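Summary of structural features
Spelled out from the first residue to the last, the chains are:
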Amino acid sequence: MNKTPHWKKHDPRQAAEAEKYTHPIPSREYLLATLREAGAPLTAVALAERLRLQDKGLRAALDKRLGAMVRDGQLLRNRRDEYLLIDRVAIRAGQVTGHRDGFGFFVPDDGSDDAFLPPSEMRAVMHGDRVAVRIVGTDARGRREGAIVEVLERRNRQVAGRFHLERDVGVVVPDNRRIGQRVLIPARERGGARDGSLVVAAIVEPPGRDALPVGRIVRVLPEEGVAQTAVELAIASHQLSHEFPAAVVREARRYGKSVEASSLGARIDLTGVPLVTIDGEDARDFDDAVYAEPTKGGWRLLVAIADVSHYVRPDTELDREARERATSVYFPNRVLPMLPEQLSNHLCSLMPEVDRACLVAELAVGRDGKVGRSRFFAALMRSAARLTYQRAAEALVERRPAVRAALAPPVLDSLEALYDVYRALRRHREARGALDFEAAEVKVVVGEDGRVADLRSYPRNDAHRLIEECMIAANVEAARFLKKHGMPALYRVHAQPDEERILELKRFLATRGLALETEGELDPPKLARLLRQVQPRPDAAMLEGMIIRSLAQAVYQPENIGHFGLALAEYAHFTSPIRRYPDLLVHRAIRHVLDGGTADRFVHAPREMEQLGQECSLRERRADEAARDVVAFLKCEYMRERLGETLPGVVTGVTDFGLFVQLDGLQVDGLLHVANLGHDYFRFEEDRRTLVGDRSGERYTLGDRLSVRVARVDPSARKIDFELVERLSSAFHPRRKESGASPEAGAARRGKPAKAGKPGQAPKPGPRGKSGGRAGGAGASGESRAPGGRRGGGRGRRR
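So, a few notes on the structure that sits alongside this text. (Residues numbered from 1 in each chain as written. Predicted model: local features only at pLDDT ≥ 70, side-chain atom pairs only at ≥ 80, totals over all residues. Heavy atoms only, no water.)

1. Quick word on the sheet that holds strand β3 (residues 82–85)
- What the three strands build is an open sheet, ordered β1-β3-β2; its pairing is antiparallel. Pairing within the sheet leaves two strands with one partner each, and these edge strands are β1 (42–43) and β2 (75–77).
- Bridge analysis of β2 against β3 gives three bridges, and the strand direction is antiparallel. Within β3, the position partnered with Arg77 by the bridge is Tyr83.
- Contacting β2 and β3, helix α5 (residues 56–71) crosses the sheet at an angle of about 105° to β2. (Pairing = 2+ DSSP bridges. Helix = DSSP H or I, 4+ residues; strand = E, 2+ residues; numbered from the N terminus. Contact = heavy atoms within 4.5 Å. Axes fitted to C-alpha atoms, helices over the stretch in contact; angles between N-to-C directions.)

2. Side note on the nonpolar core
- Of all hydrophobic cores here, the largest spans 97 residues; its most connected members are Leu270, Leu275, Leu301, Leu343, Leu415, Phe574 and Ile590.
- Sorting elements by how many residues they give to this core places helix α14 (residues 462–484) first, with 11 residues.
- The contact partners of Leu270, leaving out residues within four places of it in the chain, are Leu275, Leu302, Val360, Phe377, Ala379, Leu380, Met381 and Arg382.
- Leu198, Leu551, Leu663 and Leu706 belong to the second largest nonpolar core, which has 71 residues in total. (Core = buried A, V, L, I, M, F, W, Y, C linked by side-chain atoms within 4.5 Å. Buried < 20%, exposed > 50% of the residue type's maximum accessible area, 1.4 Å probe, protein only.)

3. Concerning the pattern of salt bridges
- Applying the stated rule across the entire model yields 63 salt bridges.
- As a salt-bridge pair, Arg80 and Glu82 come within 3.1 Å of each other at their nearest N and O atoms.
- Here Glu82 falls in the buried class, since its relative accessible area comes to 17%.
- Here Glu121 ties to Arg209 by a salt bridge, and the two come within 3.1 Å at their closest N and O atoms. Separated by 88 residues along the polypeptide, Glu121 in helix α6 (residues 119–122) and Arg209 in the loop between β12 (198–205) and β13 (214–220) bring together distant segments of the chain.
- A residue is classified by how much of its surface remains accessible, and Arg209, at 40% relative accessible area, is partly exposed.
- Several salt bridges converge on common partners, so that one network encompasses Arg426, Arg429, Glu430, Asp436, Arg460, Glu468 and Glu469. (Salt bridge = Lys/Arg side-chain N within 4 Å of Asp/Glu carboxyl O.)

4. Here's the deal with unusual backbone geometry
- Here the phi dihedral of Gln667 falls at roughly 50°; this positive angle occurs in a residue that is not glycine.
- Positionally, Gln667 belongs in the loop between β28 (658–663) and β29 (669–673).
- The backbone phi angle of Arg689 is positive, close to 50°, even though this residue is not glycine.
- Mapped onto the elements of the fold, Arg689 is located in the loop between β30 (682–685) and β31 (690–693).

5. Overview of the packing of helix α3 (residues 28–38) against α5
- Two elements in contact, α3 and α5, have axes separated by 11 Å at closest approach and are oriented at 85°. Judged by the inter-axis angle, α3 sits roughly perpendicular to α5. Residue-level inspection shows Arg28, Leu31 and Leu32 of α3 in contact with α5, the latter providing Leu62, Arg65, Leu66, Ala68 and Met69.
- Considering only residue class, the contact of α3 with α5 consists of six nonpolar, no polar and two charged. (Parallel < 35°, antiparallel > 145°, perpendicular 65-115°, else oblique. Nonpolar A, V, L, I, M, F, W, Y, C, P; charged D, E, K, R; others polar.)

6. Some points on the packing of aromatic side chains
- Within this structure, the stated rule accounts for nine aromatic pairs.
- On the basis of an interplanar angle of 45° and a centroid distance of 5.5 Å, the ring pair of Phe103 and Phe116 is categorised as tilted. Of this pair, Phe103 sits in the loop between β4 (92–98) and β5 (104–108) while Phe116 sits in strand β6 (residues 115–117), and the two are 13 residues apart along the sequence. As far as the burial class goes, Phe103 and Phe116 line up, both buried.
- Among the aromatic residues, ring-to-ring pairing joins Phe103, Phe105 and Phe116 into one connected group.
- Between Lys443 and the ring centre of Tyr458, over which it is positioned, the NZ or CZ distance is 5.2 Å. (Phe/Tyr/Trp six-rings, centres within 6.5 Å; stacked < 30°, edge-to-face > 60°. Lys NZ or Arg CZ within 6 Å of the ring centre and 35° of its normal.)

7. Looking at the sheet that holds β30
- Spatially, β30-β31-β32 is the arrangement adopted by the three strands of the open sheet, whose pairing is antiparallel. Looking at strand neighbours, the two that pair on one side only are β30 and β32 (699–701), the edges of this open sheet. Along the sheet, successive strands turn relative to each other by an average axial angle of 20°, direction set aside.
- Note that β31 and β32 share three bridges and pair antiparallel. Bridging across to β32, Val692 finds its partner in Arg699.

8. Let's talk about helix α8 (residues 246–253)
- If you check which residues of α8 are buried, you get Val248, Glu251 and Ala252. Looking straight down α8, one finds that the buried residues subtend no more than 100° of arc, so they occupy a single side.
- Its buried side turned inward, α8 meets α9 (317–325) and α10 (341–347). (Arc of directions from axis to C-beta.)

So this is what it looks like as structure tokens:
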């Protein structure tokens with residue numbers, strides 16, 4: 001008689017594993033404990049024998065799980081095919097982030113500080129690869145420095161870029177500037193590409209310490225000027241999934257074309273409640289609906305979110321693909337959805353007058369804007385109307401009679417209550433000191449011919465803000481629910497700003513006559529007060545950009561540290577599971593509790609959440625970078641049609657080699673090189689972000705308004721060069737000169753020697769090279785750090 005294997009009795013995750021698999025094997029946690037108990041590395045065969053796994057199918061499943069644990073950085077495999085505990089060796093697993101200047105950084109899975117990777121280490125890897133790294137010391141700047149021990153996973157299957165023939169040797173220069181290596185293309189693998197062609201090349205051989213990667217051209221892209229070319233470049237450059245595997249599509253189609261209430265299980269019936277969706281004009285997926293009604297002490301607010309977790313079950317083909325993508329990617333002319341269209345645009349889209357499964361946050365909002373109590377429940381709903389931000393604003397803010405008359409009375413009553421809820425939530429937001437950035441969004445409008453028809457500004461109205469506040473309130477209650485029940489989950493966290501960045505910001509603001517309080521710990525209300533001072537000023541957009549760049553990036557992680565920008569102690573993403581994997585995980589955790597589950601039986605273990613947080617944060621950043629690259633490419637195409645035109649703009653950046661100027665109303669940035677400022681020696685005063693002419697005394701600084709001529713546009717490099725026509729106004733605020741001080745002495749006191757050079761130029765070009773400013777507009781060179789707004793389909797900013 002066979003005895004029950006020890007692991008089936010003692011594996012703490014056995015129940016959760018049994019729920020996921022018909023034939024479960026030991027969990028990751030138990031495998032780690034077994035290796036730790038063994039006290040030495042084990043092969044897969046030795047481990048299977050120790051666990052008494054005799055069945056070939058179970059042994060194959062074990063091999064697969066061990067491979068995944070190596071890929072995820074929980075184990076290492078040595079040259080004897082033995083598996084080692086990574087925490088027993090001085091090695092960490094994580095991902096490589098490349099830099100355009102050839103070096104890179106190692107981002108550990110465990111959330112510890114990044115490590116610097118010098119160019120010599122970056123030769124054998126590419127941006128995005130997963131590696132095992134040993135920390136070997138610190139560099140000259142005091143940063144942790146790493147050495148790559150092993151490449152765990154090659155993430156770059158292909159690259160896109162410009163093909164060149166150099167002495168009959170074919171190379172592809174990657175469009176993604178984070179990839180430092182050129183890709184060699186053998187003569188027989190050129191696929192008909194000519195010198196200068198835009199191409200996509202498959203990686204045939206990865207790079208080595210002494211060898212460049214080798215590729216094969218698989219596609220020659222159409223000539224630049226077509227929006228689709230920009231998207232194809234981004235897809236290949238950033239390794240974005242753009243087609244769903246057949247198994248994923250089949251799984252989605254099994255759910256059919258309509259929702260059958262009988263198949264959804266026990267749910268509260270909300271089909272008679274006039275919930276409405278409010279989205280952008282071009283939105284295709286409607287994942288949230290809202291309703292409100294007055295109560296004795298305030299309002300009852302319902303935030304209904306598409307119940308994606310009902311369809312996307314753990315460890316299914318749909319789930320694996322959604323995790324791999326982590327987010328939908330939004331381009332001006334195309335969307336790469338996280339889920340197949342069958343779900344994202346149909347079964348999980350809250351379209352009007354059709355039944356849909358949803359997960360609801362019910363909030364009791366007081367007249368002071370505080371949420372007194374809340375609950376979550378599964379429901380069946382039927383949207384009463386699909387409204388746009390514009391139409392909702394016309395009904396509520398402008399109160400247009402024709403628009404109001406077209407709405408059913410119950411819908412209009414709910415909208416009025418929602419507007420009251422918004423004003424209460426808004427007052428509470430301001431009272432707690434949340435940061436508020438109001439810059440208008442500029443969208444690229446693509447014509448039917450695939451070319452850029454216009455760059456159009458879309459200012460936010462109260463309908464945008466209404467939805468934003470309702471979503472934030474629901475997200476907060478979701479975070480509190482998860483925290484209360486001790487569930488493993490991903491929080492959306494926004495850390496305190498770096499002290500050095502804030503001090504740098506404070507010094508700069510002083511040159512603009514603005515003071516930032518930094519006594520004690522910096523808190524959101526101090527920055528919020530500063531923003532209120534800034535907003536009426538003509539240089540508000542530039543100053544807001546400076547403040548945003550001083551903030552940390554919001555990320556996903558299982559440890560809740562609050563959200564600085566929103567001035568919240570708890571925050572999670574609950575409201576967009578169609579297009580964000582962290583929201584789907586939050587839904588699963590909430591449903592698990594509602595179904596009577598406990599934290600220890602949840603399908604996702606705490607250790608897995610750490611890995612998921614890193615994955616989702618990095619893939620969110622990848623999606624943002626891809627979207628910015630496409631927008632920058634298309635803005636350059638738009639500006640090519642305006643070569644030679646004279647346009648007004650504002651200085652948004654100052655370096656030793658010139659000024660970055662953003663054109664009014666377009667959010668298009670270009671470089672005005674120092675050589676085009678006049679026949680003079682220009683000195684860079686770093687602390688004041690100013691270029692000063694030694695002979696003329698001319699000063700150029702942040703916030704100056706200039707008239708510039710579009711001189712050169714390079715869409716492939718996303719660069720635009722300007723020539724100075726005239727100064728329109730100066731933002732310079734003079735300060736008292738130090739008696740008898742020369743410019744050189746002043747610069748030396750600031751810790752930066754004054755630079756000499758020929759008239760009309762700075763002697764040393766900066767990191768962007770000789771010419772060309774990025775065309776992406778505000779935030780083109782880094783991820784937006786502004787809290788607030790929904791994203792995708794006209795949704796605006798991330799929070």
